[in-house]
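# Fold and contact review
Read off the chains here:
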Amino acid sequence: MILRLERRSQRSTLMAFLSPLLAIGLTLALGAIMFVALGFDPGKALYIYFIEPLTSAWSIEEVVVKAAPLILIGVGLAVCYTANVWNIGAEGQLTMGALVGASIPIYFPDWQSPLVLLLMLVLGIAGGALFAAIPAFLKNRFSANEILTSLMLVYVAQLLLDWLIRGAWRDPDGYNFPQSILFEGWQVIPPLGDGRVHIGAIFAVVAVIIVAFMMGRTLRGFEIRVIGTSPRAGSFAGFKGKRVVLFCFMLSGALAGLAGICEVAGPSGQLQPHVSPGYGFTAIIVAFLGRLNPIGVFFAGVLLAISYMGGEAVQVELGISDKTTQVFQGMLLFLILACDTLIRYRIRLVSPGR
Amino acid sequence: MSTSDMRPDDGSEAASGAYILEARNIVKLFGDLRANDDIDLSLKPGEIHALLGENGAGKSTLVKIIYGALQPTSGQVFWQGAPVTISNPAAARDLGIGMVFQHFSLFDALTVTQNIALALKGERDLKALAGRIETVSADYGLPLRPGALVADLSVGERQRIEVVRCLLQEPRLLILDEPTAVLTPQEADQLFVTLERLAGEGCAVLYISHRLEEVKRLCHDATILRLGRLVARVDPQQESAASLAKHMIGTDVAALRSGSGAATGAPLLELAGLSMPTDDPFGVALKSIDLVVRSGEVVAVAGVAGNGQSELFDAISGERTSKSADAVKLAGAPCGRESITQRRRRDAAFVPEERLGHAAIADLPLSENLVLTHHAVGNDVVRNGLINRGAARDVMARVAEHYDVRKNLTDPEASALSGGNLQKFVVGRELDRKPGILVVHQPTWGVDAGAAAFIRQSLVDMARSGSAVLMISQDLDEIFEIADRIAVISRGELSEAYPAAELSPERIGLLMAGTHEKAGRDAERGAEA
Ligand SMILES: Nc1ncnc2c1ncn2[C@@H]1O[C@H](COP(=O)(O)OP(=O)(O)OP(=O)(O)O)[C@@H](O)[C@H]1O
Ligand SMILES: [Mg+2]
């Protein structure tokens, strides 16, 4: 008997729904095997990884803090991928947004006014959007593959940030640490309540709602879906593929930039060599796990945020390297893509030799 | 291939011994819909067997079951007398069944050779394969360039790939789902020669077509379906086209009423010196095309596929814009540089040749497919950038009702419609707007006799009510049936449009053959003046 993939006559709606759940289940199973191989009790490790982060108020807050940027970036990427536009460089757009937005408090450290925060947010959005426009332009103008260009620009942004905070933007009173001055007053985003959760979380929810509305109800969203499934029919409908490429890149860049400036003006309160622990890449998983659907992205963002927390927890409590976080995230993406095959195909046992 | 190895492996099945393929009591349900309801079909080696029926009768469904692309809900298929389960197309190909689908299954970005290699198991040596493609295709009179990109090929050429792909596997049963719908008469004739030769070699052919004349000419036996049920098994040679149509539809096909001759008015569509280079090596450049279509008339563009028809369509629709604004005028307004959306706003409507992938998207429901061409034309479907789904569904329902689009859900995905029903939808979608200018390319591709008559009637009525209708078609019968004037396209050049009454099919054939004719006539004119 051999296994064979067989095309279904129609897409299976049931599988479209089950596939992410199946992927999560398989990830947990493989994770358990990994923990056993490392010599740990898998039940305990998985508990610390996925359940414990939800057992204390502090860690729940922390999940929200981490989920917010993942969701912000994830909804933008979901729009891109729906249009068949492969923005892999959200991490760079996030860095650029953070950097451009942070230029205000760095150059005008004494300026205190609500305008400062507003300007920082606007510049963060603009920085991300314009940086994302580069791969869009290269694709539209020279047919350059956007996967490569957007990914390479991540390193450009990160090295630029590194150069600035080791040079011109370094805090003069910072004992030579590569970091900027600490922001304060109107230079930071006000927290919600007295924890670490700040307004960025609201931005994420608002972005989900707006994007869900755009994709479901507006002509623009329809245009994006059509160009993504059939460029030829899209051009017959009068939709312009290049315009969609630019729009999707700039939208997701803007959201990544917003996430970036919210990071530095929120939890960190200053520019450091690493603006995020790879939110821009993890958001790719978020977008796929959420079925490229904004509401789905919301839940996927929360789940991936928990995995970050879990990674830290197993490191602290069991002394397992926090690289397990990346292993989990990688397995999850791999398994989602694999399980997605089941939407259009079914697995059959066939006897060979027929 | 000799008939001796066609014998069943199992002696007890002697009754069906002569059949290479037999399908018994096939039932296929899609939800509540009985697409196939207890159908029997049998074919002998060397037989060309027609499968007939109106749009949505269940023909494609039945052959997909035989080819393993669909599983029957119940029923049994026998191959050379032995019961078989054909679980997928690869299994069918292993048995020796080849199929040419109604909607092609080719990858646009790959070459002819690569596409064929994908379907052949264990074909590694692409160079050798390219050689075989060239010999087999030349041998059967279906010339193909192995290195050409599929995206650059005309529909007729694409179909040749599918046929050649089957031939390379030396099939014992070849299924063709409406192969001639997209072919020129010459290409179709060539295909018939190929099929007859295959039949002579012992291969059975199952042939689906809406063109009854060719069925009469080619087929030895016919199975007729209606609404998923088997209604008759007849000898097409003993029937007239009209009696076959009657079996299929249950009533007689209405004759076309063309009304009074064309009372033409103002020119609504004008092409003047329309030239367009082509950026792809196998495309056809348009060379200084002149044409006027007036209110009240139907003008047809005849020609062999691949002579610039698609390019002409794209240039008029605005999918490709020209350098000069004056090259295309709609209702007197120069709009050569305008986009397709702007041209739609000038009360023009367009129906392209390919219904899936160009006119409609397989995975979208019909109501969203309606939005594709209705979003910018000032009806309620889109307001202030918002899609009004209710309005889209209403218009879709109106189109489906008026043009008899048969569907088993209120708003199915385009891929769940039978080919002819989808064609009725994409034509009806534009006619519903009552456009002042209508440009259609192959409007009755794959539509059954009754529905084709209805679509042609609608085109004529549209013209008689004051619209200008331009029809690009390869079907001469269709052209003579409804066109007031006829122009012929050949290698990107368009002849003058002659009144239909002045042209005979032979003369059109001459015009198709080349450009000398036009030049000759122009010279004559010059001399007369
Ligand atoms: N995948 C599907 N899901 C649901 N219904 C389907 C599907 N495929 C076909 N049908 C329905 O089954 C019926 C038969 O369709 P089929 O494609 O076999 O018709 P056909 O005889 O080939 O017609 P045509 O001449 O128009 O191609 C139609 O009513 C169609 O709507
Ligand atoms: Mg069909």
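Residues numbered from 1 in each chain as written. Chains lettered and ligands numbered in written order. Predicted model: local features only at pLDDT ≥ 70, side-chain atom pairs only at ≥ 80, totals over all residues. Heavy atoms only, no water.

### Some thoughts on the packing of aromatic side chains
What counts here: Centres within 6.5 Å make a pair out of two Phe, Tyr or Trp rings, where for Trp the six-membered ring is used; the pair is then stacked when the planes are under 30 degrees apart, edge-to-face when over 60, and tilted otherwise. The numbering of helices and of strands both runs from the N terminus, where a helix is a DSSP run of H or I of at least 4 residues and a strand a run of E of at least 2. Throughout this description, buried means an accessible area under 20% of the type-specific maximum (1.4 Å probe, protein chains only), exposed means over 50%, and partly exposed covers the range between. We call a charge positioned over a ring when the NZ of a Lys or the CZ of an Arg lies within 6 Å of the ring centre and within 35 degrees of the ring normal.
Inspection of the entire model under this criterion finds 18 aromatic pairs over all chains. For the ring pair Tyr279(A) and Tyr308(A), a centre distance of 5.7 Å and an interplane angle of 85° mean the geometry is edge-to-face. Placement of Tyr279(A) in helix α11 (residues 279-289) and of Tyr308(A) in helix α12 (residues 294-318) is noted, with a sequence separation of 29 residues between them. Considering the side-chain rings of Tyr67(B) and Phe101(B), the 5.7 Å spacing of their centres and the 75° angle between planes classify their relative orientation as edge-to-face. With Tyr67(B) in the loop between α1 (59-66) and β4 (74-79) and Phe101(B) in the loop between β6 (97-100) and α3 (112-119), the pair connects residues that are 34 residues apart, well separated along the chain. On the basis of relative accessible area, Phe101(B) is assigned to the buried category, the value being 17%. An aromatic cluster is built from Phe35(A), Tyr49(A), Phe50(A) and Phe328(A), whose rings are joined through pairwise contacts. Over the ring of Tyr140(B) we find Arg197(B), and its NZ or CZ is 4.2 Å from the ring centre. Lying over the aromatic face of Trp445(B), Arg355(B) brings its terminal NZ or CZ to 4.9 Å of the ring centre.

### Focus: the environment of Val231(B)
All names here are of chain B. For the record, the criterion: In this description, contact between two residues means that some pair of their heavy atoms is separated by no more than 4.5 Å.
Within the fold, Val231 resides in strand β10 (residues 229-234). Owing to a relative accessible area of 36%, Val231 belongs among the partly exposed residues under this scheme. For the pair Val231 and Ile39, spaced 192 residues apart in sequence, the C-alpha to C-alpha distance is 9.4 Å. Not counting chain neighbours up to four residues away, the residues in contact with Val231 comprise Ile224, Leu225, Arg226 and His247.

### What about empty space enclosed by the protein?
Taking a probe equal in size to a water molecule and rolling it over the atoms shows the remaining empty space. Residues and elements named next belong to chain A. Which entries qualify depends on this criterion: Put simply, the grid is 1 Å and covers the protein atoms alone, a cavity is a trapped set of points that fit a 1.4 Å probe, a pocket is an open set with protein on both sides within 12 Å along at least five of seven lines, and lining residues have an atom within 4 Å of a point. Grid points are joined across faces, edges and corners, and a volume is the space filled by probe spheres set on the points.
Tallied over the entire structure, the rule returns three cavities of 30 Å³ or more. Of the volumes computed, that of the largest cavity is approximately 80 Å³. Contributing to the lining of the largest cavity are Val64, Val65, Ala68, Pro69, Leu72, Val197, His198, Gly200, Ala201, Ala259, Cys262 and Glu263. Elements with a contribution of two residues or more to the lining of the largest cavity: α3 (57-82), α7 (200-217) and α10 (241-268). Take the lining of the largest cavity: its biggest share by element is five residues, from α3.

### Topic: the site of ligand 1
Heads up, the condition is: One heavy atom within 4 Å of a molecule or strand makes the whole residue count as near it. Throughout this description, a polar contact denotes any pair of N or O atoms lying within 3.5 Å of each other; where both atoms belong to protein, one of them has to be capable of donating a hydrogen while the other can accept it, and for residues adjacent in sequence the pair is counted only when both atoms sit in side chains. Here the accessible surface of atoms and residues is derived via Shrake-Rupley with a 1.4 Å probe, and residues count as covered only by protein chains that are part of the display. Residue ranges for the domains trace back to a domain assignment, done automatically or taken from a database.
By nearness alone, 21 residues border ligand 1, and Gly56(B), Ser60(B), Thr61(B), Ser418(B) and Gly420(B) come closest of all. Per-site note: the chains with residues close to ligand 1 are chains A and B. Lys59(B) is positioned with one of its backbone polar atoms (N or O) 2.8 Å from an oxygen atom of ligand 1. Glu178(B) has a polar side-chain atom sitting 3.3 Å from an oxygen atom of ligand 1. When isolated, ligand 1 has an accessible area of 640 Å², and the protein chains bury 92% of it. Breaking the shell around ligand 1 down by element, the ones donating at least two residues are β2 (33-43), α1 and α13 (419-431) of chain B. When residues of the shell around ligand 1 are assigned to domains, at least three map to each of domain 1 (16-96 + 171-249) and domain 3 (267-528) of chain B.

### A closer look at the layout of surface pockets
Residue and element names in this part refer to chain B. The condition is simple: Under the scheme applied here, ten amino acids are nonpolar (Ala, Val, Leu, Ile, Met, Phe, Trp, Tyr, Cys and Pro), four are charged (Asp, Glu, Lys and Arg), and all others, including Gly, are polar.
Approximately 1000 Å³ is the volume found for the second largest pocket. The wall of the second largest pocket is formed by 43 residues, among which Arg211, Glu213, Arg456, Asp475 and Asp477 lie closest to the centre. Those elements that provide at least two residues to the lining of the second largest pocket are α6 (185-200), α7 (212-218), α8 (241-249), α14 (449-464), α15 (476-482) and α16 (505-513). By residue class, the composition of the lining of the second largest pocket is 21 nonpolar, ten polar and twelve charged. For the lining of the second largest pocket, the domains that each give at least three residues are domain 1 (16-96 + 171-249) and domain 3 (267-528).

### A word on the pattern of salt bridges
All names here are of chain B. In plain terms, the rule: For this analysis, a salt bridge means a side-chain nitrogen from Lys or Arg found within 4 Å of a carboxyl oxygen belonging to Asp or Glu.
Tallying each qualifying case throughout the model produces 32 salt bridges over all chains. Its salt-bridge partner being Glu201, residue Arg197 comes within 3.2 Å of it at the nearest N-O pair. The shortest N-O distance in the salt bridge between Arg346 and Glu338 comes to 2.8 Å. The class of Glu338 is buried, set by a relative accessible area of 15%.

### Some details on the nonpolar core
Cut-off, in case you're wondering: The definition of a nonpolar core used throughout is a set of buried Ala, Val, Leu, Ile, Met, Phe, Trp, Tyr and Cys residues joined through side-chain atoms within 4.5 Å.
If you look at the biggest cluster of nonpolar residues, it comprises 158 residues, and the most contacted ones within it are Ile73(A), Phe222(A), Leu271(A) and Phe425(B). Setting aside residues up to four positions removed in sequence, Phe222(A) forms contacts with Met215(A), Phe239(A), Leu364(B), Glu368(B), Val371(B), Leu372(B) and Ile387(B). Counting residues in each nonpolar core, the second largest holds 49 residues, with Val100(B), Tyr140(B), Leu195(B) and Ala232(B) among its members.

### Re the interface of chain B and chain A
Formally: What counts as buried area is the accessible surface, traced by a 1.4 Å probe, that two parts surrender upon association, with contributions from both included.
Each side of the interface is counted separately: chain B has 31 residues, and chain A has 24 residues. In this assembly, chain B packs against chain A so that about 2500 Å² is buried in total across both faces, 55% of it on carbon and sulfur atoms. Counting every contact that joins chain B to chain A gives two salt bridges. Run the count over chain B and chain A and you get eleven residue pairs in polar contact (both at pLDDT 80 or more). Per-element tally for the side of chain B that touches chain A: the top contributor is helix α11 (residues 366-374) of chain B, with four residues. Tallied by class, the residues present in the side of chain B that touches chain A amount to 13 nonpolar, ten polar and eight charged.

### Points about the environment of Ser467(B)
Residue and element names in this part refer to chain B. Structurally, Ser467 can be placed in the loop between α14 and β20 (468-472). For Ser467, a relative accessible area of 6% puts it in the buried group. Placed 31 residues apart in sequence, Ser467 and Gly436 show a C-alpha to C-alpha distance of 4.5 Å. Beyond its immediate sequence surroundings of up to four residues, Ser467 is in contact with Leu268, Arg294, Ser295, Gly296, Glu297, Pro435, Gly436 and Met462. Only 2.8 Å separates the side chain of Ser467 from the backbone oxygen of Pro435, close enough to count as a polar contact.

### Digging into the pairing of strand β19 (residues 437-441) of chain B
Residue and element names in this part refer to chain B. Convention followed: Think of it this way: DSSP has to see at least two bridges between two strands before they count as a pair. By convention, orient the strands away from the viewer: a clockwise path from the first strand over the helix to the second makes the crossover right-handed.
In terms of burial, β19 is largely enclosed, as five of its five residues are buried. By the alternation rule, side chains of β19 split into Ile437, Val439 and His441 and Leu438 and Val440, which are all buried. Alignment of strand β16 (residues 348-351) against β19, held across four bridges, turns out to be parallel. Paired with Phe350 across the two strands is Val439, which belongs to β19. In terms of strand pairing, β19 meets β20 through five bridges, oriented parallel. Across the sheet, Leu438 pairs through a bridge with Val469, a residue of β20. As a crossover connection, the stretch from β19 through α14 into β20 is right-handed.

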